[in-house]
Amino acid sequence: ATSNAAAIRKHAAELAALAPDVILAHGASTVSALLQVTRTIPIVSPVFGDPVGAGFVDSLARPGGNITGFMSWEYGMAGKWLELLKETVPGVTRAAVLRDPSLGSGTSQFAAISAVAPSLRVEVNPVNMRDAAEIERGLADFARSPNGGLITVAGAAATRHRDLIVRLAARHKLPAVYYERSFVAAGGLVCYGPDFADQYRRAAGYVDRILKGEKPGDMPVQAPTKY
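Residues numbered from 1 in each chain as written. Predicted model: local features only at pLDDT ≥ 70, side-chain atom pairs only at ≥ 80, totals over all residues. Heavy atoms only, no water.

This paragraph deals with the overall build of the chain. Secondary structure assignment for the chain yields nine helices and eight strands. Taking 227 residues into account, the globule formula puts the C-alpha radius of gyration at 17 Å, and the chain, at 18 Å, falls close to it. Here the C-alpha coordinates of the chain stretch approximately 60 × 30 × 30 Å along the principal axes. Scored against the burial criterion, the 227 residues of the chain give a buried share of 47%. Contacts in the chain between residues far apart in sequence, at least 24 positions, make up 66% of those at least 6 positions apart. When the 24 positive and 20 negative side-chain charges of the chain are each reduced to one mean point, those points stand 4 Å apart. (Helix = DSSP H or I, 4+ residues; strand = E, 2+ residues; numbered from the N terminus. Rg over C-alpha atoms; globule rule 2.2 N^0.38 Å. Buried < 20%, exposed > 50% of the residue type's maximum accessible area, 1.4 Å probe, protein only. Contact = heavy atoms within 4.5 Å. Lys, Arg positive; Asp, Glu negative; His and termini not counted. Charge placed at Lys NZ, Arg CZ, Asp CG, Glu CD.)

Structure follows, in structure tokens:
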């Protein structure tokens, strides 16, 4: 369903109706939809952004409900993307930050980038990515001035429009930093982020423990250990 909210809700309801022993759910958009249809089926998320801030869990140490899993990052890491952009291309003085304004995590990642921008002498500009047309328009407008770079923050919309974003970065000659290696595999310049394959391996261990009788509410939400 990628970033189609209606389709995600439909799939979540269908999965919950099957009454599985546990559901694996990637990302906040799928977790949110599942929690709307079940508060009893155990859910393990191998990748989600801010489970406490989103209200999915009571705390990282004691989630308390029917969900646990593995955080994809803490927001301060977003500042590393701007540092990496400046280190890779020292001449960059402006950075477009592609983000989904409907996600709280998108706004928070932009705030973390903005916080380090003055020390790096880089002006940051938010560019919204609700749909393909908005991305194309926003990056074309930004690229009219020189010395620009691009940061794409995490979210379902970025994943859905990955190939378009990589193509536009090349077209407008914008050196770009991404949060996940699939963007680089698709032709992007550089990425820095958690190793999602490792997160899934660790999530498999949590699924195993739940199938053996442990409760997700007693299993702490863990941070990444490999980047």
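Looking now at the pattern of salt bridges. Under the definition given, this model contains nine salt bridges. Between Glu 14 and Lys 10 there is a salt bridge whose closest N-O contact spans 2.9 Å. Of this pair, Glu 14 and Lys 10 both sit in helix 1 (residues 5–17), separated by four residues, roughly a single helical turn. Take Glu 14: its relative accessible area is 40%, and that puts it in the partly exposed class. (Salt bridge = Lys/Arg side-chain N within 4 Å of Asp/Glu carboxyl O.)

To continue, consider the side chain of Arg 202. Within the secondary structure, Arg 202 sits in helix 9 (residues 196–211). Buried charge without a salt bridge: Arg 202, with Asp 198 as the nearest opposite-charge side chain at an N-O distance of 4.3 Å. Reaching out from Arg 202, the side chain makes a polar contact with the side chain of Gln 222 at a distance of 2.7 Å. Residue contacts for Arg 202: discarding those within four places in its chain leaves Phe 70, Gln 222, Ala 223, Pro 224 and Thr 225. (Polar contact = N/O pair within 3.5 Å; in protein donor to acceptor, adjacent residues only side chain to side chain.)

It is worth spelling out the sheet that holds strand 1 (residues 23–24) at this point. Spatially, three strands are ordered 1-2-3 in an open sheet, and the strand pairing comes out parallel. The sheet terminates laterally at strand 1 and strand 3 (67–71), the two strands that pair on one side only. Examined bridge by bridge, strand 2 (residues 43–48) and strand 3 share four bridges and lie parallel to one another. Residue pairing in the sheet places Ile 43 in a bridge with Ile 67 of strand 3. Against the sheet, helix 2 (residues 28–37) makes contact with strand 1, strand 2 and strand 3, and its axis sits at roughly 155 degrees relative to strand 2, the strand it touches most. (Pairing = 2+ DSSP bridges. Axes fitted to C-alpha atoms, helices over the stretch in contact; angles between N-to-C directions.)

A separate point is unusual backbone geometry. The phi dihedral of Ala 19 falls on the positive side, at around 50 degrees, and the residue is not glycine. You can see Ala 19 is positioned in the loop between helix 1 and strand 1.

Below, the discussion takes up the sheet that holds strand 4 (residues 94–99). One open sheet accounts for five strands, arranged 5-4-6-7-8; its pairing is parallel. Across the chains shown, the open sheet's two edge strands, defined by having one partner strand only, are strand 5 (123–128) and strand 8 (190–191). Looking at chain direction, strand 7 (residues 176–178) and strand 8 are connected through two bridges and run parallel. For Val 177, the partnering residue across the bridge sits in strand 8 and is Val 190. Sitting on the sheet, helix 3 (residues 78–88) is in contact with strand 4, strand 5, strand 6 (148–152), strand 7 and strand 8, with an inclination near 150 degrees to strand 6. Together, strand 4, strand 5 and strand 6 form the strand contacts of helix 5 (residues 132–142), whose direction differs from that of strand 4 by roughly 175 degrees.

Among the nonpolar cores identified, the biggest contains 42 residues, and Trp 81, Leu 82, Ile 113 and Leu 150 are the most heavily contacted of them. Apart from the residues within four sequence positions on either side, Trp 81 is in contact with Gln 109, Ile 113, Ile 151, Val 153, Ala 154, Val 177, Tyr 178, Tyr 179 and Tyr 192. (Core = buried A, V, L, I, M, F, W, Y, C linked by side-chain atoms within 4.5 Å.)

This part covers the pairing of strand 6. Among the five residues that make up strand 6, five are buried, leaving the element largely enclosed by the rest of the structure. Every second residue of strand 6 is oriented toward a common face, with Gly 148, Leu 150 and Thr 152 on one face and Gly 149 and Ile 151 on the other, all of them buried. Bridge count between strand 4 and strand 6: five bridges; the pairing is parallel. Residue pairing for strand 6: Ala 95 is matched across the bridge by Gly 149. The sheet contact formed by strand 6 and strand 7 spans two bridges and is parallel. Residue pairing across strands places Ile 151 opposite Val 177, the latter belonging to strand 7.

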